[in-house]
Amino acid sequence: MTVYFIGAGPGDPELITVKGQRLIRSCPVILYAGSLVPEALLDGHQASLVVNTAELHLDEIVALLQAAHARGEDVARVHSGDPSLYGAIGEQIRHLRALSIPFEIIPGVTATAACAALLESELTLPAVSQTVILTRYASKSPMPEGEQLHDLARHGATMAIHLGVQHLPKIVGDLLPHYGASCPIAVVHRASWPDQDWVLGTLADIEAKVSAKGFRRTALILVGRVLGADDFADSALYNERHRHLFRAGVADDTDSR
């Protein structure tokens, strides 16, 4: 018996790994986070027990996992996005280890990846940004020391900010000194869902644009010069003069070999 923490992806039922889909369709027990995982993702399942855990607390969820273990039944524990990012699986895993219940994590497509695809953007461009910071806005629980938004903003890297659209004015205030008013920023609502929507602007005008859209929750903020950039160097990877393991390339004047 194994508990499989499965990343369901950002919303589109087709954005799930083949392995994740196979497990959902074969496990006799499914526990899914119904507030963020569409029921369509469970299509084709043969489970005898399917539970939407949106209204359950941790102890109730652990009790269901423990009961399935006692019956020797595998569990598809389905979370949105990738379960290792803001999936609250750590606390479940701690209980499973204490109970000696086997588990496995099945990665999923992140909301950040879905937003980048929607915006037709590469988040790491040569000489623009080679770093992506995934973080959240401190609301119900504080951020660890050194991880406040103004600390992270000093890097000027591409940043994906979860759970922050309701605090957009404060976020803009933290970002402005480090990114500048002209820096592109996007707010994406329910990426890959049928009702997905988004707005792209700058730190100077994004608040007004988001207010006009009326986004209040389930939105991700992306900020960085990579958004909409077209003035950047080509990567070395596909440069005809670049040598690597799979292509000999052409030596240039700087090649010392």
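Residues numbered from 1 in each chain as written. Predicted model: local features only at pLDDT ≥ 70, side-chain atom pairs only at ≥ 80, totals over all residues. Heavy atoms only, no water.

1. What to know about the overall build of the protein chain
Piece 1. Along the backbone of the protein chain there are 7 helices and 10 strands.
Piece 2. Projected onto its principal axes, the C-alpha coordinates of the protein chain cover approximately 65 × 50 × 35 Å.
Piece 3. Here the protein chain holds 257 residues, and the buried ones make up 40% of them.
Piece 4. Pairs at least 24 residues apart make up 65% of the contacts formed inside the protein chain by residues separated by at least 6 positions.
Piece 5. Taken as a whole, the protein chain presents about 13900 Å² of accessible surface, with 51% of it coming from carbon and sulfur. (Helix = DSSP H or I, 4+ residues; strand = E, 2+ residues; numbered from the N terminus. Buried < 20%, exposed > 50% of the residue type's maximum accessible area, 1.4 Å probe, protein only. Contact = heavy atoms within 4.5 Å. Areas by Shrake-Rupley, 256 points an atom, 1.4 Å probe, with all protein chains shown as cover.)

2. Regarding a nonpolar patch on the surface
Piece 1. Taken together, the side chains of Leu 85, Tyr 86, Val 132 and Leu 134 define a hydrophobic patch exposed on the protein surface, amounting to about 310 Å² of accessible area.
Piece 2. On the secondary structure map, Tyr 86 appears in the loop between strand S4 (75-79) and helix H3 (90-98).
Piece 3. You can call Tyr 86 partly exposed: its relative accessible area is 44%. (Patch = residues over 30% accessible without salt bridge, like charges linked within 9 Å, V, L, I, M, F, W, Y side chains within 5 Å. Salt bridge = Lys/Arg side-chain N within 4 Å of Asp/Glu carboxyl O.)

3. Things to note about the packing of aromatic side chains
Piece 1. Counted under the stated rule, the structure contains 1 aromatic pair.
Piece 2. Taken together, a centroid distance of 6.3 Å and an interplanar angle of 75 degrees make the contact between Phe 5 and Phe 103 edge-to-face. Of the two residues, Phe 5 is situated in strand S1 (residues 3-7) and Phe 103 in strand S5 (residues 103-106); the sequence distance between them amounts to 98 residues.
Piece 3. For Phe 103, a relative accessible area of 25% corresponds to the partly exposed category.
Piece 4. Residue placement shows Arg 190 over the ring face of Trp 193; its charged tip is 4.1 Å from the ring centre. (Phe/Tyr/Trp six-rings, centres within 6.5 Å; stacked < 30°, edge-to-face > 60°. Lys NZ or Arg CZ within 6 Å of the ring centre and 35° of its normal.)

4. Some remarks on the sheet that holds strand S6 (residues 132-136)
Piece 1. If you walk across this open sheet you meet the 5 strands as S6-S7-S10-S8-S9, and the pairing is mixed. Looking at the sheet topology across the chains shown, the edges are occupied by S6 and strand S9 (197-202). Between one strand axis and the next, the sheet turns by 15 degrees as a mean value, whatever way the strands run.
Piece 2. With 5 bridges connecting them, strand S8 (residues 184-189) and strand S10 (residues 219-223) associate as antiparallel partners. In the strand pairing of S10, His 189 is matched with Ala 219.
Piece 3. Against the sheet, helix H7 (residues 206-213) touches S8 and S9, its axis set at about 160 degrees to S9. (Pairing = 2+ DSSP bridges. Axes fitted to C-alpha atoms, helices over the stretch in contact; angles between N-to-C directions.)

5. Here's the deal with the nonpolar core
Piece 1. Met 159, Leu 175, Tyr 179, Val 187, Ile 206 and Val 210 are the most contacted members of the largest nonpolar core, which totals 25 residues.
Piece 2. Put simply, the parts of the chain that give this core at least two residues each are helix H5 (149-153), strand S7 (158-162), helix H6 (168-179), S8, H7 and S10.
Piece 3. Tallying contributions element by element places H6 first for this core, with 5 residues.
Piece 4. Not counting residues within four places of it along the chain, the set of residues in contact with Leu 175 comprises Leu 149, Ala 153, Met 159, Ile 161, Gly 180, Leu 203 and Val 223.
Piece 5. In terms of nonpolar packing, the next biggest core, distinct from the first, is built from 17 residues, Tyr 4, Val 37, Leu 41 and Ala 47 among them. (Core = buried A, V, L, I, M, F, W, Y, C linked by side-chain atoms within 4.5 Å.)

6. Some points on the environment of Leu 152
Piece 1. Checked against the element boundaries, Leu 152 lands in helix H5.
Piece 2. Among the residues examined, Leu 152 registers a relative accessible area of 15% and is labelled buried.
Piece 3. Here Leu 152 is in contact with Ile 133, Thr 135, Gly 146, Glu 147 and Met 159, once residues within four sequence places are set aside.

7. Examining the pattern of salt bridges
Piece 1. As enumerated under the stated definition, the model contains 6 salt bridges in all.
Piece 2. Among the ionic pairs, Glu 104 bridges to Lys 19, the shortest N-O distance being 2.8 Å. Of this pair, Glu 104 sits in strand S5 while Lys 19 is found in helix H1 (residues 18-26), placing the two residues 85 residues apart along the sequence.
Piece 3. For Arg 190, the salt bridge is made with Asp 195, and the minimal N-O distance between the two is 2.8 Å.
Piece 4. Look at Arg 190 and you get partly exposed, because its relative accessible area is 22%.

8. Digging into the domain arrangement of the protein chain
Piece 1. The domain architecture assigned to the protein chain consists of domain 1 (3-106) and domain 2 (111-227).
Piece 2. The straight-line distance from the C-alpha centre of domain 1 to that of domain 2 is 29 Å.
Piece 3. Each partner contributes residues to the interface: domain 1 has 9 residues there, and domain 2 has 9 residues.
Piece 4. With both sides pooled, the region where domain 1 packs onto domain 2 buries about 700 Å², and carbon together with sulfur makes up 70% of that total.
Piece 5. On the domain 1 side of the contact with domain 2, Pro 10, Leu 36 and Tyr 86 bury the most area, a combined 63% of that side's loss.
Piece 6. At the junction of domain 1 with domain 2, the criterion picks out 0 salt bridges.
Piece 7. Seen at the junction of domain 1 and domain 2, the total is 5 residue pairs in polar contact (both at pLDDT 80 or more).
Piece 8. Residues that form the side of domain 1 that touches domain 2 fall into these classes: 7 nonpolar, 1 polar and 1 charged. (Domains from an automatic or database assignment. Buried area = accessible area lost by both parts, 1.4 Å probe. Polar contact = N/O pair within 3.5 Å; in protein donor to acceptor, adjacent residues only side chain to side chain. Nonpolar A, V, L, I, M, F, W, Y, C, P; charged D, E, K, R; others polar.)

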